[in-house]
Amino acid sequence: MFEKLNAIPPDPILGLIAAYAADPNPKKIDLGIGVYRDEAGNTPMLDCVVEAEKILLRTQTTKTYLGPRGVPGFNQAIGETILGKDNEVFKQNRVRTVQTPGGTGALRVAADLVKVTRPETELWASDPTWANHLALFPGAGMAMHSYPYFDAENSSLRFDDMIAALQQRGPGDVVLFHACCHNPCGVSPDPEQWQAIANLAGERGFTPMIDIAYMGFERGIEEDSLCIRLFAEQCPEVIFASSCSKNFAMYRERVGAISVIAGNAEKADAVESVIHNVTRKNYSMPPAHGPAVIDIILHSEELTAQWHVELAGMRNRINGLRKTLSEKIAAAGIQRDFSFIQRQSGMFSFMGLTVEQVHRLRDEFAIYTVNSSRVNVASFNEGNMDYFIEALAVVLDE
Ligand code: LMR
């Protein structure tokens, strides 16, 4: 069976975890995978999560199967958090949310759903997009194309080019968007631009699919889910994949959900039945622990308020790091302009380095970034920023 099989290289993002762990250099910095870190370099559990886990331990009475939907209270609460409780689509009974193993699981289920519904559908994603989008959608058998998005020269959004490209899309096409904290480039449309994109989706009739993995890390929960709310106003059908890995810091518990807004309640039921069918053939049912914890948090006013505070704390710390990093780079006399770091948001920014420079950072300084020179800004702290800037100056030859 496996005699002819050759090993394939590790995933470009996950592979860095092992490489970093094996590096004995005490000054090493992991700027790779997107996890939040505090000043001490740890990824702590949120207090609201710890509290809810205690409640869960006290109150749970069974570990019997949950069924294909997962934890119903989680599905309802996460859908309402993203769309807003009073959204018309709830009154019209057009939304279905199904818990998945992580946001990646939600994207894969979304791809399977589209593939089953309309096998010839092609998907358009921003250039660039998350490396795993490029593997996941073709892996599910979908043809994938890109639309212009990031202007590398000015570290900004190619809004006009993006609109021109999306004007070519129409019914039957799926267009993938990052709701906030674009991964990997950190550049998002502003609210007015989102409105224009949503209007275009309505006019052209393509189906928006939104990856909202970083909700709460750009400006706030409502602000970061704005595009989904706008698409819901303009389009009869919307698909979105959410994740609680980052915003509840529950990474390893793999908590995510796929939500679909359909044209009417009957079609929404049909969509949900297909989702249950594709997941049954894959992992059967989603896991319970993480969503049960979040169900408790989002149904407690006190714990929800605490979550908002903790989420704002992570967001503010990253924004502070963005400011300090870009100021310190300028103060170090590096001529190249890195002020864009401060204007961008979320965990990631592109440093605009060549692969050779990225490899020099890794080999000579034990600083780990993805080959694209995407850095996880949340990994910086007082103790490692100066060392990073010294290394940056060396590889930039400045
Ligand atoms: C990242 O891009 O680093 C995160 O979304 C984690 C992952 O699974 O790649």
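Novice: Got a minute to help me understand the overall build of the chain in this structure?
Specialist: The secondary structure content of the chain amounts to 16 helices and 13 strands. For the chain, the C-alpha radius of gyration of 21 Å lies close to 21 Å, the compact-globule estimate for 398 residues. Overall size of the chain, expressed as C-alpha extent along the three principal axes, is 65 × 55 × 55 Å. When burial is assessed residue by residue, the chain has 56% of its 398 residues classed as buried.

Novice: Explanation requested: the domain arrangement of the chain in the structure shown.
Specialist: Quoted interface sizes are often the accessible area lost when the parts come together. Looking at the chain, the domain boundaries give domain 1 (12–44 + 313–396) and domain 2 (65–299). Taken residue by residue, the interface counts 21 residues in domain 1 and 23 residues in domain 2. Summed over the shared surface of domain 1 and domain 2, the result is zero salt bridges. Connecting domain 1 to domain 2 are eight residue pairs in polar contact (both at pLDDT 80 or more).

Novice: It is not clear to me how the packing of helix α5 (residues 102–117) against helix α6 (residues 131–139) should be interpreted in this structure. Could you clarify?
Specialist: A pair of packed helices is characterised by two quantities: the angle between their axes and the separation of those axes. Put simply, α5 and α6 touch, their axes get as near as 9 Å, and they point 35 degrees apart. Two packed elements cross with a definite hand, and for α5 against α6 that hand is right-handed. Contacts from T104, L107, R108 and A111 of α5 reach α6 at N132, H133, L136, F137 and G139. Residue classes in the contact of α5 with α6 are distributed as four nonpolar, four polar and one charged.

Novice: Where do I start with the environment of R219 in this structure?
Specialist: Its location among the elements puts R219 in the loop between β8 (207–212) and α9 (221–224). Among the residues examined, R219 registers a relative accessible area of 41% and is labelled partly exposed. Between the alpha carbons of R219 and S345 there is a distance of 8.4 Å; along the sequence they are 126 residues apart.

Novice: What am I meant to see in the side chain of R94 here?
Specialist: As for its placement among the helices and strands, R94 is situated in the loop between α4 (88–91) and β2 (95–101). Here R94 occupies a buried position and makes no salt bridge, while the nearest side chain of opposite charge, E88, is found at 7.7 Å. A distance of 2.6 Å separates the side chain of R94 from the side chain of Q92, its partner in a polar contact. Here the side chain of R94 touches P236 through a polar contact of 3.0 Å, landing on its backbone oxygen.

Novice: Even after reading the chapter, I still don't get the nonpolar core, so can you show me in this structure?
Specialist: F177, F231, I258, W307 and F388 are the most contacted members of the largest nonpolar core, which has 136 residues in total. Looking at this core, you find at least three residues from each of domain 1 (12–44 + 313–396) and domain 2 (65–299). When neighbours within four sequence positions are excluded, W307 is seen to be in contact with L46, C48, T81, M215, I221, N247, F248, I297 and L298.

Novice: Which parts of the structure should I look at to understand the site of the ligand?
Specialist: Around the ligand sit I13, I33, G34, W130, N183, Y214, K246, F348 and R374, and those are all the residues in its vicinity. Note that an oxygen atom of the ligand is positioned 2.9 Å from one of the side-chain N or O atoms of N183. Here K246 contributes a side-chain N or O atom positioned 3.3 Å from an oxygen atom of the ligand. If the ligand stood free it would expose 260 Å²; the protein chains cover 83% of that surface. Partitioning the shell around the ligand into residue classes produces five nonpolar, two polar and two charged. Mapping the shell around the ligand onto the domain boundaries places at least three of its residues in each of domain 1 (12–44 + 313–396) and domain 2 (65–299).

Novice: How do you make sense of the pattern of salt bridges when you look at a structure like this?
Specialist: Opposite charge on two side chains permits pairing when their charged atoms draw close. Applying the stated rule across the entire model yields 15 salt bridges. One salt bridge connects E88 with K91, and the closest N-O pair in it is separated by 3.4 Å. Of this pair, E88 and K91 both sit in helix α4, separated by three residues, roughly a single helical turn. Relative accessible area serves as the criterion here: at 45%, E88 is assigned to the partly exposed category. Judged by its relative accessible area of 59%, K91 falls in the exposed class. Across the pair E364 and R360 runs a salt bridge, and its minimum N-O distance is 2.8 Å. Here R360 and E364 lie together in helix α15 (residues 355–365), a separation of four residues that amounts to about one turn. The exposure class assigned to E364 is partly exposed, which follows from its relative accessible area of 45%. The structure contains a network of salt bridges with shared partners spanning R69, R96, D269 and E272.

Calculation rules
Residues numbered from 1 in each chain as written. Predicted model: local features only at pLDDT ≥ 70, side-chain atom pairs only at ≥ 80, totals over all residues. Heavy atoms only, no water. Helix = DSSP H or I, 4+ residues; strand = E, 2+ residues; numbered from the N terminus. Rg over C-alpha atoms; globule rule 2.2 N^0.38 Å. Buried < 20%, exposed > 50% of the residue type's maximum accessible area, 1.4 Å probe, protein only. Domains from an automatic or database assignment. Contact = heavy atoms within 4.5 Å. Salt bridge = Lys/Arg side-chain N within 4 Å of Asp/Glu carboxyl O. Polar contact = N/O pair within 3.5 Å; in protein donor to acceptor, adjacent residues only side chain to side chain. Axes fitted to C-alpha atoms, helices over the stretch in contact; angles between N-to-C directions. Left-handed = near helix turned anticlockwise from the far one by under 90°. Nonpolar A, V, L, I, M, F, W, Y, C, P; charged D, E, K, R; others polar. Lys, Arg positive; Asp, Glu negative; His and termini not counted. Core = buried A, V, L, I, M, F, W, Y, C linked by side-chain atoms within 4.5 Å. Near = heavy atom within 4 Å. Areas by Shrake-Rupley, 256 points an atom, 1.4 Å probe, with all protein chains shown as cover.

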